[in-house]
Amino acid sequence: MASVNRILSPLYKARPWLPTFVVLLLSVALWAAVGLGPYSGYNCTPEFGDFEAQRHWMELTYYLPIDEWYMYKPQWWKLDYPPLTAYHSYVFGVIGTYLLPEAFELSTSEGIEGEYIKSYMRATVIVSQLLLFVPAVYSWCSMFNTNTPTKLNRTCSFLSVLLLPSLLLIDHGHFQFNSVMLGLFTSSLYYLMNSNFVFASFYFVLTLFFKQMSLYYAPAIFAAILGSCIGPAVNFKFNFKRFLGVSVTVLGTAACLLYPFIFDIDQLLQIFTRVFPVSRGLWEDKVSNFWCTLNYVGFKIHDHFEESQLPLLSLAATVIGIMPSMFAAFLGNKSVWPLCFASCSWSFYMFSFQVHEKSVLLPIFASALVATQYYSNRNINAMTRWAFNVSYFSLWPLLRREGLQLQFVIIYLIYNYLFFTGIPDHWFNKLVVFTSYLGFGVVFLLENSNLVSEAVRSRYPDLFVVGNMLMSFVSLMYFWIWQNWIILCLSKSSFTPVPEKSSLPEKTTNTPKSKQSRNSNRRNKLKVE
């Protein structure tokens, strides 16, 4: 049992609703506390960072007519996200211009800093998360742990997603609105699991039109919906009504979101070019994916391939990587769908084009939803929470560069105290997990101590960053392979999650199980070694 269960158990016994209330208060308090620190681009001239980009988009969408949003001033944080992000920026631009007009003056407020604008911008993230992320995650967690004895597990798993370290530090520390995209994705997945394919399609189109990175999930979701229309789930009979409903929803929602631009082909081409900037390259910074790692271990990709070949190369590798998860999703076994979406997004992170450190949020969040589905399965949780820590470590160079070291350490300690469930049972998984933790600990110690001389640091300025990248890649690649193995096991057995054990003390009885019940449990028992 994780520590959080023991902490919240007395509250649950006093009032069943009280743990959820406390969890929300704790989450908002931690979000706000992290937000007191610096942000992306703080005091970094001339263009600052993501904080300035989001602020600029708010004033841009407020002051300019909509047909100029994607045309204006490309040298200063051009709007390069899909239209739903622009509409979201417009809403907060209207409010911000009313409250702090001097902080949202187009062309004169570039790079503005101060406590008032910082507080307002931090508040926009919290409000967005409360409105679009929190309800979706709670609904998702409520699908599992539905029996009265396990309702506390629902609240604990809910908190485990709200305090997901990577998301918390990127949105409330670095500064972004990833929680909006992930909340819309969670809503889509919730309706998908409940066989409401129209609403699932609607929310996923919203997800795609908020951030193009959500394409990481798209192939597996497409396979799941296609399988529900024509696959084994319907005995390979074409469900035309369902297919038509999904098609009309996708096209209609996309048309509504693009309506202000849809009659101007130049606008559409400009949006597409901004949203998919192929010229940026195969990866950014030192990301823990396949291509960057391959480049640093000696195989210089740019020496062997032309720039024009790299998108096709990454596309081929990504397609190969996502095939197992797409096939499993098509088969229609709902219990593996969340795992399929996680595996698909890990494939994109490892092999796709234009990946940066923050891209790890998508696969790690999908894995977090899997962990809530199997909250009482210690082995799945042990492996998943290990992946949480690895992905968090992979963000260390970025967060350290932005002055978020204190927040990084405190959130790491809080989260692992609340949710650490030990290490997995299988000896090889134990070896991998223990070795990775030891390696990260050594690198962290060497980087933040005087054990390495200044001469070595000067000669190899990227020594620790590259070391972090290599260990993160090996660990996350192993986790991706492990996830695909679990998908295979579940798909072969048509596994349905066994009702979870209560996190509260239960009355014991002497009623023996029937032979049929014992045999059923043996068939449904999943070995995740």
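Shown above is the structure to which this text applies.
Quick caveat: nothing in here was measured; it's all calculated off a predicted structure. Once a new chain begins, its residue numbering starts again from 1 and follows that chain's sequence as written. Note on the predicted model: pLDDT of at least 70 is required for a residue's local features to be given, and 80 or more for side-chain atom pairs to be given and counted; whole-chain, interface and lining totals, by contrast, use all residues. The basis for the side-chain values is all heavy atoms of the structure; hydrogens and waters are excluded.

Peer 1: With reference to specific residues and values, describe the packing of aromatic side chains.
Peer 2: Only Phe, Tyr and Trp rings take part, Trp by its six-membered ring, and two of them pair if their centres are within 6.5 Å. Stacked means planes under 30 degrees apart, edge-to-face means over 60, and tilted covers everything else. A complete count under the given rule lists 43 aromatic pairs for this structure. Ring centres of Y392 and Y412 lie 6.5 Å apart, and the angle between their planes is 10 degrees; this geometry places the pair in the stacked category. Residue Y392 is found in helix α18 (residues 378-394), and its partner Y412 is found in helix α20 (residues 405-419); the two are separated by 20 residues along the sequence. Note on classification: 1.4 Å probe, protein chains only; a residue is buried when its accessible area is under 20% of the maximum for its type, exposed when over 50%, partly exposed between these limits. For Y412, a relative accessible area of 23% corresponds to the partly exposed category. Through pairs of rings, three or more aromatic residues link up here, namely W346, Y349, W386, W427, F428, Y478, F479 and W482. The rule is short: NZ of Lys or CZ of Arg within 6 Å of the ring centre and within 35 degrees of the ring normal puts a charge over the ring. The positively charged end of K300 is found above the aromatic ring belonging to Y296, 5.7 Å away from the centroid. Secondary structure is summarised from DSSP: a helix means a run of H or I of at least four residues, a strand means a run of E of at least two, and numbering begins at the N terminus for each.

Peer 1: I'd like a rundown of the nonpolar core, residues and numbers included.
Peer 2: To qualify as a nonpolar core, a set must consist of buried Ala, Val, Leu, Ile, Met, Phe, Trp, Tyr and Cys residues joined through side-chain atoms within 4.5 Å. In terms of nonpolar packing, the biggest core is built from 138 residues, with F185, L192, Y217, F341, Y349 and F365 touching the most fellow members. Looking at which element gives the most residues to this core, the answer is helix α23 (residues 463-493), with twelve residues. Between two residues, a contact is recorded if the distance between any of their heavy atoms is within 4.5 Å. Once residues lying within four places of it in the same chain are set aside, the contact partners of F185 are F204, T207, Y217, I221, F341, F365 and L369. Judged by nonpolar contacts, the second largest core, of 14 residues, contains W57, L106, F261 and V275.

Peer 1: Got a sec to walk through the environment of A368? Specific residues and values, please.
Peer 2: Relative to the helices and strands, A368 is located in helix α17 (residues 361-373). The sequence separation of A368 and I487 amounts to 119 residues, and the corresponding C-alpha distance is 16 Å. When near neighbours in sequence (up to four residues on either side) are disregarded, A368 contacts V161, L164 and F388.

Peer 1: So what about the packing of helix α1 (residues 3-14) against α20? Which residues, and what values?
Peer 2: Axis definition: a line fitted to C-alpha atoms, over the contacting stretch in the case of helices. Angles run 0 to 180 degrees between N-to-C directions. Relative to each other, α1 and α20 sit at 75 degrees, their axes nearing to 5 Å. By the criterion of interaxial angle, the relationship of α1 to α20 is roughly perpendicular. Seen from α1, the contacting residues are S3, V4 and I7; seen from α20, they are Y417, L418 and F419. Residues are grouped as follows: Ala, Val, Leu, Ile, Met, Phe, Trp, Tyr, Cys and Pro are nonpolar; Asp, Glu, Lys and Arg are charged; all remaining types, including Gly, are polar. For the contact of α1 with α20, the per-class residue count stands at five nonpolar, one polar and no charged. Between 65 and 115 degrees an angle is taken as roughly perpendicular, under 35 as roughly parallel, over 145 as roughly antiparallel, and anywhere else as oblique.

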